[in-house]
4 protein chains.
Amino acid sequence: MNDKANSVGRRADYRHFLTIPTRWKDNDVYGHVNNVNYISFFDTVINRYLIDAGGFDLHQAPIIGIAVETFCRFRRSFAFPEDVEAALRTGHLGNSSVRYEVGLFGRGDDEARAEGHFVHVFVERATNQPVPIPAAIRAALEKLKR
Amino acid sequence: MNDKANSVGRRADYRHFLTIPTRWKDNDVYGHVNNVNYISFFDTVINRYLIDAGGFDLHQAPIIGIAVETFCRFRRSFAFPEDVEAALRTGHLGNSSVRYEVGLFGRGDDEARAEGHFVHVFVERATNQPVPIPAAIRAALEKLKR
Amino acid sequence: MNDKANSVGRRADYRHFLTIPTRWKDNDVYGHVNNVNYISFFDTVINRYLIDAGGFDLHQAPIIGIAVETFCRFRRSFAFPEDVEAALRTGHLGNSSVRYEVGLFGRGDDEARAEGHFVHVFVERATNQPVPIPAAIRAALEKLKR
Amino acid sequence: MNDKANSVGRRADYRHFLTIPTRWKDNDVYGHVNNVNYISFFDTVINRYLIDAGGFDLHQAPIIGIAVETFCRFRRSFAFPEDVEAALRTGHLGNSSVRYEVGLFGRGDDEARAEGHFVHVFVERATNQPVPIPAAIRAALEKLKR
């Protein structure tokens, strides 16, 4: 995703998928999933991937990923009880930080209903100081490059 | 579930199951799913069942179920990225109201980690006045009696 | 609050108050604050009181309060952008556990719109084993007895 | 805010402020307010302003503001029980859409801990088609221009 309004992401643009069912309270007063929850879907597909593919231990790891930037563009809404298929790829992979690119798809849709990015900087949990991305996590992120 | 601290629900005590994956932000500062989210799991398995089995249309239905009472007892915690298996049965089924009984199970667990109840009163959306439970919903709820 | 449907709590029944403004996404598809959020208001008035009056340090304290039971009865709804006035008193105060009784009031209302209880058991953070309630917290809780 | 990493917003850059207390469950496993909730603070200061200053009726208004883009850059964290002071100004004000610029400040801080933008497009609730921003809302938004 290049943050340009005229681009529309497709499934083939992404490397990893996670199905996230909606919950009753995700819907807001307008009857659709509230925009805030989309960022939670981003957060969830990303951290789950770090855990499953990168061996990240959220309880004990001395180095953790902290959000420094989030962006989302909304094209079409979701509504409970739909499932969201969250799609992930790795954008810029720096020394301490990574830009994840995320698309949210409806079941069977080829075009993303929402797309955005999320930047993590990896820091030492104890000091909050940026450090290089741990090797196992970096290896997992390399696999999701476009 | 009889709200007694010494009873522990088992899978065989329930009639319907829905898997609800946890989300990153469900975990609170103590590293486990915050208690508030358990009630959202109740809300989700219940309303989803009304939609799927009772033909409930949350956007248009003239009669809706409003929460009047919730209760949860917590025995063992969940933590992201675990899945929650939400289990449902129908307790007291009145003219306008129903008491749902809900258990939350970990994958493969036979004993519930949390159990509780949730009472809906059905009201006319326009007036907020109690009305009889619609027939299609009542039929779906009858099927989940213990 | 005695969990009986015919009792209605009043302001004079409570000992401590905290104003909690609603947020846009608290409202659900029916246009009122979703029931799940009420339990978050309970959680918030309680933990805030432990911090402010009991000197509780959520980040470092070796002994923490874990939710073991929550109950809420809903009488009248709230809707964003209303403020919620959360009212607290101490119910049963045991060796390791405490039952908080909570009422939620609208601005200027004398009758609670919702009432319930919340039980904390205090445990050692490292082992999750129940321990006596720390003295400073116990002293703070004694002050809120009815 | 110009979305450039080297700019840091100050209070004087904003036109309207709303205090939003944090809630217990806003904190995530790392002990700070989860990034997702920042977008809820944006959503809340914006919609509350539309209601209070623009006369917007979220329940009945035939024209509503739908989120089409959100962005947030995080510099310093918040943690429960801190208050967030959400600051708002109007960026680009188009025919059907408006870009809100939002800063989140700690009590007494002059530099924003987080900043971002949020774009609403106004649509007819019944058809979801873009329409001109209603006059009362436009007048309220004009007042928050930088």
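Because the structure is predicted, anything quoted here is derived from the model rather than measured.

Engineer: So what exactly am I meant to see when it comes to the sheet that holds strand β2 (residues 63-74) of chain A here?
Structural biologist: Whenever strands of a sheet pair, they do so through backbone hydrogen bonds, lying parallel or antiparallel. Reading across the sheet, the 10 strands line up as β1(A)-β3(A)-β4(A)-β5(A)-β2(A)-β2(D)-β5(D)-β4(D)-β3(D)-β1(D) and stay open at both edges, with antiparallel pairing between neighbours. Each edge of the sheet is formed by a strand with only one pairing partner; in this case those strands are β1 (16-21) of chain A together with β1 (16-21) of chain D. Geometrically, the sheet is characterised by an average inter-axis angle of 30 degrees between neighbouring strands, direction not taken into account. In this structure, strand β2 (residues 63-74) of chain D lies alongside strand β5 (residues 114-124) of chain D, joined through 11 bridges in antiparallel fashion. Residue D:Ile63 lies in a different strand from β5(D), and its bridge partner there is D:Glu124. Of the strands in this sheet, β2 of chain A together with β1, β2, β3 (83-93), β4 (97-105) and β5 of chain D touch helix α1 (residues 35-54) of chain D, which is tilted by about 65 degrees from β3(D).

Engineer: I would appreciate a short explanation of the interface of chain A and chain D in the present structure.
Structural biologist: When the parts of a complex come together, some accessible area is lost, and that lost area is often used as the size of the interface. Facing the 17 residues of chain A at the interface are 17 residues of chain D. Among the elements of the structure, α1 (35-54) and β2 of chain A are those that each provide at least two residues to the side of chain A that touches chain D. Considering each element in turn, the side of chain A that touches chain D owes the most residues, nine residues, to β2(A). A class-by-class count of the residues in the side of chain A that touches chain D yields 11 nonpolar, three polar and three charged.

Engineer: Before we go on, may I ask you to explain the relation of the copies chain A and chain D in this structure?
Structural biologist: The operation relating the pair of chain copies consists of a rotation about an axis and a translation along that axis. Superposing chain A onto chain D takes a rotation of 180 degrees combined with a translation of 0.0 Å along the rotation axis, leaving an RMSD of 0.0 Å. Such values leave the two copies arranged in the relation of a two-fold axis. No C-alpha of chain A lies nearer the rotation axis than that of A:Phe71, which sits 2.1 Å from it. Comparing contact sets, 100% of the residues at the interface of chain A also lie at the interface in chain D, consistent with an isologous, same-surface contact.

Engineer: How should I be thinking about the sheet that holds strand β5 (residues 114-124) of chain B in this particular structure?
Structural biologist: Here we have 10 strands laid out as an open sheet, ordered β1(B)-β3(B)-β4(B)-β5(B)-β2(B)-β2(C)-β5(C)-β4(C)-β3(C)-β1(C), and antiparallel in their pairing. Each of the sheet's edge strands pairs with one partner strand only, and the pair in question is β1 (16-21) of chain B together with β1 (16-21) of chain C. Strand-to-strand twist in this sheet, taken as the mean axis angle between neighbours without regard to direction, amounts to 30 degrees. This element, helix α1 (residues 35-54) of chain B, spans β1, β2 (63-74), β3 (83-93), β4 (97-105) and β5 of chain B together with β2 (63-74) of chain C of the sheet and lies at about 65 degrees to β3(B).

Engineer: Would you explain unusual backbone geometry in this entry?
Structural biologist: Most of the time, phi is negative for any residue but glycine, and the peptide bond is trans. In this model, A:Phe80 is joined to A:Pro81 through a cis peptide bond whose omega is 5 degrees. As for its position among the elements, A:Pro81 is in the loop between β2 and β3 (83-93). A positive phi angle, close to 65 degrees, is found at D:Asn128, a residue other than glycine. Checked against the element boundaries, D:Asn128 lands in the loop between β5 and α2 (135-142).

Engineer: Honestly, the confidence of the model for chain A in this entry has me stumped. Any pointers?
Structural biologist: Detailed reading of the predicted coordinates is not advisable wherever pLDDT falls low. Mean pLDDT over chain A: 95, with 96% of residues reaching 70 or higher. Confidence estimates for the predicted assembly give a pTM of 0.96 and an ipTM of 0.95.

Engineer: Teacher, can you tell me more about the environment of B:Phe122 here?
Structural biologist: Residues and elements named next belong to chain B. Its place among the elements puts Phe122 in strand β5. Sequence separation between Phe122 and Ile64 is 58 residues, and the spatial gap between their C-alpha atoms is 5.4 Å. Dropping the residues within four chain positions of it, Phe122 is found in contact with Ile63, Gly65, Ser96, Pro130, Val131 and Ile133.

Engineer: Would you take a moment to explain the packing of helix α1 (residues 35-54) of chain C against helix α2 (residues 135-142) of chain C for this structure?
Structural biologist: Helix-helix packing is described using two parameters, namely the angle between the two axes and the distance between the axes. Residues and elements named next belong to chain C. Viewed as axis vectors pointing N to C, α1 and α2 meet at an angle of 110 degrees, and their least axial separation amounts to 9 Å. Taken as axis vectors, α1 and α2 run roughly perpendicular relative to one another. Every residue of α2 that contacts α1 at Tyr49, Leu50, Ala53 and Gly54 is listed here: Ala136, Ile137 and Ala140. Of the residues belonging to the contact of α1 with α2, the class tally is six nonpolar, one polar and no charged.

Engineer: Is there a simple way to think about the pairing of β2(A) in this case?
Structural biologist: Side-chain positions along a regular strand alternate between the two faces of the sheet. Most of β2(A) sits inside the fold, with 10 of its 12 residues counted as buried. One ladder, built from five bridges, connects β2(A) with β2(D); its direction is antiparallel. Looking at the pairing, A:Phe71 lines up with D:Phe71 of β2(D).

Engineer: Just to check I follow, could you spell out the environment of A:Ser77 for this structure?
Structural biologist: Residue and element names in this part refer to chain A. Looking at where Ser77 falls in the secondary structure, it is placed in the loop between β2 and β3. The class for Ser77 is buried, based on 20 C-beta atoms found within 10 Å. When the C-alpha atoms of Ser77 and Arg113 are compared, they prove to be 6.6 Å apart, with 36 residues separating the residues in sequence. Setting aside residues up to four positions removed in sequence, Ser77 forms contacts with His32 and Val33.

Engineer: What's the story with α2(C) in this structure? I'm lost.
Structural biologist: Because the α-helix completes a turn every 3.6 residues, residues three or four places apart line up on one side. Residue and element names in this part refer to chain C. Within α2 the residues assigned to the buried category are Ile137, Ala140 and Leu141. Looking straight down α2, one finds its buried side chains confined to an arc of 100 degrees; they lie on one side. Residues of α2 that are exposed and point over 90 degrees away from its buried face: Ala135 and Glu142. Of the surrounding elements, those touching the buried residues of α2 are α1, β3 (83-93) and β4 (97-105).

Engineer: Which parts of the structure should I look at to understand the packing of α1(B) against α1(C)?
Structural biologist: Where α1(B) contacts α1(C), the two axes come as close as 9 Å, and the packing angle between them is 165 degrees. Accordingly, the angle class assigned to the pair α1(B) and α1(C) is roughly antiparallel. Crossing angle aside, the handedness with which α1(B) passes α1(C) is right-handed. Judged by residue contacts, B:Asn35, B:Val36, B:Ile39, B:Ser40 and B:Asp43 of α1(B) engage C:Asn35, C:Val36, C:Ile39, C:Ser40 and C:Asp43 from α1(C). When grouped by side-chain class, the residues that make up the contact of α1(B) with α1(C) number four nonpolar, four polar and two charged.

What counts, and at which threshold
- Residues numbered from 1 in each chain as written.
- Chains lettered and ligands numbered in written order.
- Predicted model: local features only at pLDDT ≥ 70, side-chain atom pairs only at ≥ 80, totals over all residues.
- Pairing = 2+ DSSP bridges.
- Helix = DSSP H or I, 4+ residues; strand = E, 2+ residues; numbered from the N terminus.
- Axes fitted to C-alpha atoms, helices over the stretch in contact; angles between N-to-C directions.
- Contact = placed C-beta atoms within 7 Å.
- Nonpolar A, V, L, I, M, F, W, Y, C, P; charged D, E, K, R; others polar.
- Least-squares fit on C-alpha atoms with pLDDT ≥ 70 in both.
- pLDDT = per-residue confidence, 0-100.
- Parallel < 35°, antiparallel > 145°, perpendicular 65-115°, else oblique.
- Buried ≥ 20, exposed ≤ 12 C-beta atoms within 10 Å, placed from the backbone.
- Arc of directions from axis to C-beta.
- Left-handed = near helix turned anticlockwise from the far one by under 90°.

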